[in-house]
Amino acid sequence: MMLAQSPAHGAKALALSAAATFAQLVKWHRLYEWANRPLMRLAEMQPVTAAWWRERRKQPGDFLYLALGDSTAQGIGASSPGRSYVGQLADRIEAHLGEPIAVTNLGVSGAPSNLCARDQLPRAAKVLARHSPDLVTLDIGANDIAQWDPRAFHRNLSAILDALPDHTIVGEVPSFHLPWNDRRVREANRILRTIAADRGLAVVPIYEATRARGVRGILTEFAEDAFHPNDRGYEIWADAFWPVVRARIDALAQQRAN
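Described below are features of the structure shown in this document.

Quick notes on the rules
- Residues numbered from 1 in each chain as written.
- Predicted model: local features only at pLDDT ≥ 70, side-chain atom pairs only at ≥ 80, totals over all residues.
- Heavy atoms only, no water.
- Helix = DSSP H or I, 4+ residues; strand = E, 2+ residues; numbered from the N terminus.
- Buried < 20%, exposed > 50% of the residue type's maximum accessible area, 1.4 Å probe, protein only.
- Contact = heavy atoms within 4.5 Å.
- Pairing = 2+ DSSP bridges.
- Axes fitted to C-alpha atoms, helices over the stretch in contact; angles between N-to-C directions.
- Parallel < 35°, antiparallel > 145°, perpendicular 65-115°, else oblique.
- Nonpolar A, V, L, I, M, F, W, Y, C, P; charged D, E, K, R; others polar.
- Core = buried A, V, L, I, M, F, W, Y, C linked by side-chain atoms within 4.5 Å.
- Bend = angle between axes of the 7 residues up to and from the residue.
- Polar contact = N/O pair within 3.5 Å; in protein donor to acceptor, adjacent residues only side chain to side chain.
- Phe/Tyr/Trp six-rings, centres within 6.5 Å; stacked < 30°, edge-to-face > 60°.
- Salt bridge = Lys/Arg side-chain N within 4 Å of Asp/Glu carboxyl O.

1. Details of the overall build of the protein chain
And step 1. In terms of helices and strands, the protein chain carries 12 helices and five strands.
And step 2. Buried positions account for 50% of the 258 residues belonging to the protein chain.
And step 3. Sequence-distant contacts, at least 24 apart, represent 78% of the contacts inside the protein chain between residues at least 6 apart.

Pasting the structure below:
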């Protein structure tokens with residue numbers, strides 16, 4: 001089990017995030033720039049995480065894992081990209097199978113559902129034309145919440161899932177622990193579950209897994225920007241995904257044995 005950060009560090013991150021929000025509201029630019037530094041530092045990591053996953057794609061393996069999503073797939077906020085939920089799932093799969101696996105992570109930091117459909121689906125189509133991935137995961141929607149449009153989200157998510165294999169595993173939008181966003185998040189997850197159920201797809205309860213962490217999770221399982229998970233926060237995501245992922249792996253092994 002990974003160690004969480006201290007509650008004091010979490011409290012500091014929350015205070016800076018609140019200060020940045022206040023400064024933005026009152027147009028206090030100097031305060032905003034100062035308080036927003038943790039977010040900017042993580043934003044600067046985006047090219048690094050993308051390069052890390054491009055390099056990871058070169059590792060061969062008989063088992064292929066294809067992931068789509070946003071910054072949580074990339075691992076923004078983790079100590080390394082391999083500590084994202086995608087990376088932690090890959091580690092668990094390798095341990096379960098006893099061999100290396102191939103991973104293609106198409107996640108893009110900051111991507112809402114429309115950009116996932118526009119940018120990641122064409123790249124996924126190229127992978128699917130060459131290979132039949134053994135595992136496909138998708139977690140998208142957190143970046144839709146700020147400019148929430150339920151009809152657009154329904155349209156985008158439907159298009160994404162129609163283009164992916166019928167064994168794709170779909171993660172919910174996480175809890176932001178913010179009451180003013182919670183209604184939108186719950187609506188997004190109702191839409192997500194309905195679309196997934198219509199296609200017979202498994203849904204991972206990320207919302208409940210993150211919401212259940214409560215105040216201690218808020219203080220210890222987020223990165224310095226008080227938004228992205230840290231290593232321990234991503235472990236919570238991986239724990240939620242793992243039973244469904246393991247069931248998929250075991251079902252494949254049973255099929256191949258027969």
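2. Some words on the sheet that holds strand 2 (residues 102–105)
And step 1. An order of 2-1-3-4-5 is seen for the five strands of this open sheet, with the pairing classed as parallel. Looking at the sheet topology across the chains shown, the edges are occupied by strand 2 and strand 5 (202–204). The average angle at which neighbouring strand axes cross in this sheet is 20°, direction not considered.
And step 2. The pairing of strand 1 (residues 64–69) with strand 2 spans four bridges and is classified as parallel.

3. Some words on the side chain of Thr104
And step 1. Turning to its location among the elements, Thr104 is positioned in strand 2.
And step 2. The exposure class assigned to Thr104 is buried, which follows from its relative accessible area of 8%.
And step 3. Not counting chain neighbours up to four residues away, the residues in contact with Thr104 comprise Arg57, Leu64, Tyr65, Leu66, Ala67 and Val127.

4. Some points on the packing of helix 7 (residues 113–130) against helix 8 (residues 150–163)
And step 1. Their axes nearest at 10 Å, the elements helix 7 and helix 8 cross at an angle of 5°. Taken together, the axes of helix 7 and helix 8 lie roughly parallel to each other. Within the contact between the two elements, helix 7 uses Ser113, Asn114, Cys116, Ala117, Leu121 and Leu128 and helix 8 uses Phe153, Asn156, Ala159, Ile160 and Ala163.
And step 2. For the contact of helix 7 with helix 8, the per-class residue count stands at eight nonpolar, three polar and no charged.

5. Quick notes on the nonpolar core
And step 1. Counting residues in each nonpolar core, the largest one holds 33 residues, and the members touching the most others are Leu68, Leu138, Leu157, Ile160, Leu161 and Leu164.
And step 2. For this core, the elements supplying multiple residues, two or more each, are strand 1, helix 7, strand 3 (135–139), helix 8 and helix 9 (179–198).
And step 3. Broken down by element, this core gets its largest block of residues, six residues, from helix 9.
And step 4. Dropping the residues within four chain positions of it, Leu157 is found in contact with Leu138, Ile140, Leu192 and Ile195.
And step 5. Core analysis: the next-biggest nonpolar cluster, separate from the first, contains 26 residues, Phe63, Val86, Ile101 and Val103 among them.

6. With respect to helix 12 (residues 231–257)
And step 1. Taking the largest bend as the criterion, helix 12 deviates by roughly 40°, centred on Trp242, and proline Pro243 comes between one and four positions later.
And step 2. With a side-chain oxygen positioned 3.1 Å from the backbone nitrogen of Arg232, the residue opening helix 12 is Asn230.

7. Side note on the packing of aromatic side chains
And step 1. Following the criterion strictly, the structure yields five aromatic pairs and no others.
And step 2. Taking 4.7 Å as the distance between ring centres and 80° as the angle between the ring planes, the aromatic pair formed by Trp52 and Trp53 counts as edge-to-face.
And step 3. Given the relative accessible area of 34%, Trp52 is considered partly exposed.
And step 4. Members of the aromatic cluster, connected to one another through ring pairs, are Tyr85, Tyr234, Trp237 and Phe241.

8. Considerations on the pattern of salt bridges
And step 1. A full pass over the atoms with the stated rule returns 14 salt bridges.
And step 2. Among the ionic pairs, Glu172 bridges to Arg193, the shortest N-O distance being 2.7 Å. You can see Glu172 sitting in the loop between strand 4 (169–171) and helix 9 and its partner Arg193 sitting in helix 9, a full 21 residues away along the chain.
And step 3. Note on Arg193: relative accessible area 36%, which makes it partly exposed.

9. Some points on the environment of Gly214
And step 1. Structurally, Gly214 is set in helix 11 (residues 214–220).
And step 2. Assessed through its relative accessible area of 25%, Gly214 is described here as partly exposed.
And step 3. For the pair Gly214 and His177, spaced 37 residues apart in sequence, the C-alpha to C-alpha distance is 8.0 Å.

10. As for the environment of Trp53
And step 1. Mapping Trp53 onto the fold places it in helix 4 (residues 46–56).
And step 2. By relative accessible area, which is 2% here, Trp53 ends up buried.
And step 3. Through-space distance from the C-alpha of Trp53 to that of Leu106 is 8.4 Å; in sequence the pair is 53 residues apart.
And step 4. When neighbours within four sequence positions are excluded, Trp53 is seen to be in contact with Ala73, Gln74, Pro81, Ser84, Val86, Gly87, Val103 and Asn105.

By themselves these figures say nothing about function.
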